[in-house]
Amino acid sequence: MNPPPIATREIARENQFNVVWTEELDEVFADVAPYYDRANYVASLGLWGWFLRRFMATVDIRPHERVLDVCAGTNAIGIALLEREPTLEVHAIDRSAEMQEVGKRRAAALGFHIESVIHDVHRLPFPDNHFDVVTLQFASRHLRVRRVFSEIYRVLKPGGRFAVSDVVSRGPVTDELRRDMALWVGCISGALDETDYAAKLRKAGFDGVSLETWREYDFSEGKFSSAFIRASKPAPQPCCGTECCR
Ligand SMILES: C[S@@+](CC[C@H](N)C(=O)[O-])C[C@H]1O[C@@H](n2cnc3c(N)ncnc32)[C@H](O)[C@@H]1O
């Protein structure tokens, strides 16, 4: 019997990107770290700040909450979170010391502190039920997402929120486009299918999964969109009477 389509796509994705993920990624980000923020600014035609504010507006945060930014890079998200709510306790995790060095300097220059951990995010070095909010931006294509989603679920408190900003594909995409490494850098070729994204979040245990498309890209080789994705870890049910509390 053939494995279900989502599992088949996940295996194909792992086969295709395994070498990039395990052998090439660290060198790429070490090289790009000093230029990363300028490159984002130029690639977004100067709209990077506007774009971050738009993502931030979709993230439900409250004063004094503890937040983890996964694959934090140069701390664009951590800084945008603190600009919105300075009382947050923000933690950043990334495998690239070079990207985090730039990120720490950027945060310090603005008078913010972001607690940094250099670590692979397939195992999060934090206790269970620890964070109110976890964020992830433009990094899903680097990850074995099933593993990372279950780790994010583990470290979120019950009722905690997971907020993602990324490019997803919508329906079939040609193999040529999937293999195009130039488009991989631009978040396109390694993008996960939007249906798979939501299904994997639900499989990890999340509920309230929603995907808001805010921009569409229609290439002859496949359709893509920029999306804000939200999910939450179910909160404990309130006690309904004497029977269920025994
Ligand atoms: C495209 S950058 C995105 C950075 C940031 N989220 C942003 O939006 O600007 C991707 C980041 O993911 C990190 N990364 C990729 N795979 C990782 C892994 N397995 N563990 C930890 N960090 C990883 C890279 O080092 C890089 O800093």
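Residues numbered from 1 in each chain as written. Predicted model: local features only at pLDDT ≥ 70, side-chain atom pairs only at ≥ 80, totals over all residues.

1. Let's talk about the pairing of strand S5 (residues 156-173)
Reasoning step 1: Where strand S4 (residues 131-137) meets S5, 6 bridges bridge the pair, whose relative direction is parallel. In the strand pairing of S5, Val134 is matched with Phe162.
Reasoning step 2: Regarding the hand of the β-α-β motif, the stretch spanning S4, helix H6 (residues 145-155) and S5 is right-handed.
Reasoning step 3: Of the pairings in the sheet, the one linking S5 to strand S8 (residues 222-232) comprises 10 bridges and is antiparallel in character. In the sheet register, Ser169 faces S8, and the bridge partner there is Phe224. (Pairing = 2+ DSSP bridges. Helix = DSSP H or I, 4+ residues; strand = E, 2+ residues; numbered from the N terminus. Right-handed = clockwise from strand over helix to strand, strands pointing away.)

2. What about the environment of Gln16?
Reasoning step 1: Within the secondary structure, Gln16 is located in helix H1 (residues 5-32).
Reasoning step 2: Residue Gln16 is classed as partly exposed on the basis of its 16 C-beta neighbours within 10 Å.
Reasoning step 3: Each C-alpha atom of the pair Gln16 and Ala43 lies 26 Å from the other, and the pair is 27 residues apart in sequence. (Buried ≥ 20, exposed ≤ 12 C-beta atoms within 10 Å, placed from the backbone.)

3. Brief notes about the site of the ligand
Reasoning step 1: In the vicinity of the ligand, 19 residues are found, and the nearest of them are Cys71, Gly73, Arg95, Ser96 and Gln137.
Reasoning step 2: Sorting the residues of the shell around the ligand by element identifies H1 and helix H4 (76-84) as the ones contributing at least two each.
Reasoning step 3: Classifying every residue of the shell around the ligand by side-chain character gives 11 nonpolar, 5 polar and 3 charged. (Near = placed C-beta within 6 Å. Nonpolar A, V, L, I, M, F, W, Y, C, P; charged D, E, K, R; others polar.)

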